[in-house]
Amino acid sequence: LETIPGAIIGIDVSGRITFVNTQVEQLFGYTRDELIGEPVEILVPESPREFHQEDRVEYFFDPKPRPKGVAHLAGRRKDGSLFRADISLSFFQSEDGVIVSAAV
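Everything numeric here is computed off the predicted structure, so don't read it as measured data. Residue positions are given per chain, counted from 1 along the sequence in the order it is written. Residue-level local features of this predicted model are given only where pLDDT is at least 70; pairs of side-chain atoms are given and counted only at 80 or more, and the full residue set underlies all totals for whole chains, interfaces and linings. Side-chain measures here rest on the full set of heavy atoms in the structure, leaving out hydrogens and waters.

### Focus on the nonpolar core
Just so we agree on the cut-off: For the purposes of this section, nonpolar cores are sets of buried Ala, Val, Leu, Ile, Met, Phe, Trp, Tyr and Cys residues that join through side-chain atoms within 4.5 Å. Only protein chains enter the accessibility calculation, which uses a 1.4 Å probe. A residue is then buried if its area is under 20% of the maximum for its type, exposed if over 50%, and partly exposed in between. Strands here mean DSSP runs of E at least two residues long; helices mean DSSP runs of H or I at least four residues long; both are numbered from the N terminus. Residues are treated as being in contact if the distance between any of their heavy atoms lies within 4.5 Å.
Core analysis: the largest hydrophobic core is formed by 18 residues, its most contacted members being Ile 9, Ile 17, Val 24, Phe 28, Leu 35, Leu 43 and Val 104. Contributing elements (two or more residues each) for this core: β1 (8-11), β2 (17-20), α1 (22-28), β4 (82-94) and β5 (97-103). With four residues, the top contributor of residues to this core is β4. Each residue touching Ile 9, except ones within four places of it in the same chain, is listed here: Ile 17, Phe 19, Val 20, Val 24, Phe 28, Leu 43, Val 100, Ser 101, Ala 102 and Val 104.

Laid out in structure tokens, this is it:
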């Protein structure tokens, strides 16, 4: 994960962040320790959070790869600043269940 040039975030079925790479820390301004275990919506602006939660729940019912360019969101940094983000999604089965991997 650390050698991938993009920001990679792992999310479990409850919407909690399970892993991030260094690029996530640099892009969003949080440390890894501040993000692990937090709801992924911490990285989403307040106005679309409710819709993001609904989309996330639906995705876990029918996970399939979603390439970049399909999902356009805004990201929210720790300092509150926003940026345009293209997201691609994939998933894998772990011993703890399905984990979604989001590339920002």
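### Focus: the side chain of Asn 21
The cut-off we apply is this: Pairing of N or O atoms within 3.5 Å defines a polar contact, subject to two protein rules: one partner must be a possible hydrogen donor and the other a possible acceptor, and residues neighboring in sequence count only if both atoms are side-chain atoms.
Among the secondary structure elements, Asn 21 is positioned in the loop between β2 and α1. Assessed through its relative accessible area of 0%, Asn 21 is described here as buried. Polar contacts involving the side chain of Asn 21 include one to the main-chain carbonyl oxygen of Leu 1, which spans 3.1 Å. In this structure the side chain of Asn 21 is engaged in a polar contact, spanning 3.1 Å, whose partner is the backbone nitrogen of Ile 8.

### A short note on the environment of Arg 77
Here Arg 77 is to be found in the loop between β3 (66-76) and β4. Each C-alpha atom of the pair Arg 77 and Leu 43 lies 6.5 Å from the other, and the pair is 34 residues apart in sequence. A polar side-chain atom of Arg 77 sits 3.0 Å from the main-chain carbonyl oxygen of Leu 27.

### Regarding the environment of Val 100
You can see Val 100 is positioned in strand β5. With 90 residues separating them along the chain, Val 100 and Gly 10 place their C-alpha atoms 5.6 Å apart.

### Considerations on the confidence of the model for the protein chain
The cut-off we apply is this: Residue-level confidence of the predictor is summarised by pLDDT, bounded by 0 at the bottom and 100 at the top.
Scored by pLDDT, the protein chain comes out at a mean of 85, with 81% of its residues at no less than 70. Of all secondary-structure elements in the protein chain, the lowest mean pLDDT belongs to helix α3 (residues 49-61), at 65, while helix α2 (residues 32-35) reaches the highest, 98.

### Details of the environment of Gly 80
Looking at where Gly 80 falls in the secondary structure, it is placed in the loop between β3 and β4. You can call Gly 80 partly exposed: its relative accessible area is 30%. The sequence separation of Gly 80 and Pro 45 amounts to 35 residues, and the corresponding C-alpha distance is 8.2 Å.

### Concerning the pattern of salt bridges
Operational definition: Salt bridges are identified by distance alone: a Lys or Arg side-chain nitrogen within 4 Å of an Asp or Glu carboxyl oxygen.
Enumeration according to the criterion identifies four salt bridges in this entry. Between Arg 32 and Glu 2 there is a salt bridge, with the nearest N and O atoms lying 3.0 Å from each other. With Arg 32 in helix α2 and Glu 2 in the segment before β1, the pair connects residues that are 30 residues apart, well separated along the chain. Here Arg 32 falls in the partly exposed class, since its relative accessible area comes to 29%. Through salt bridges that share partners, Glu 2, Glu 25 and Arg 32 make up one connected network.

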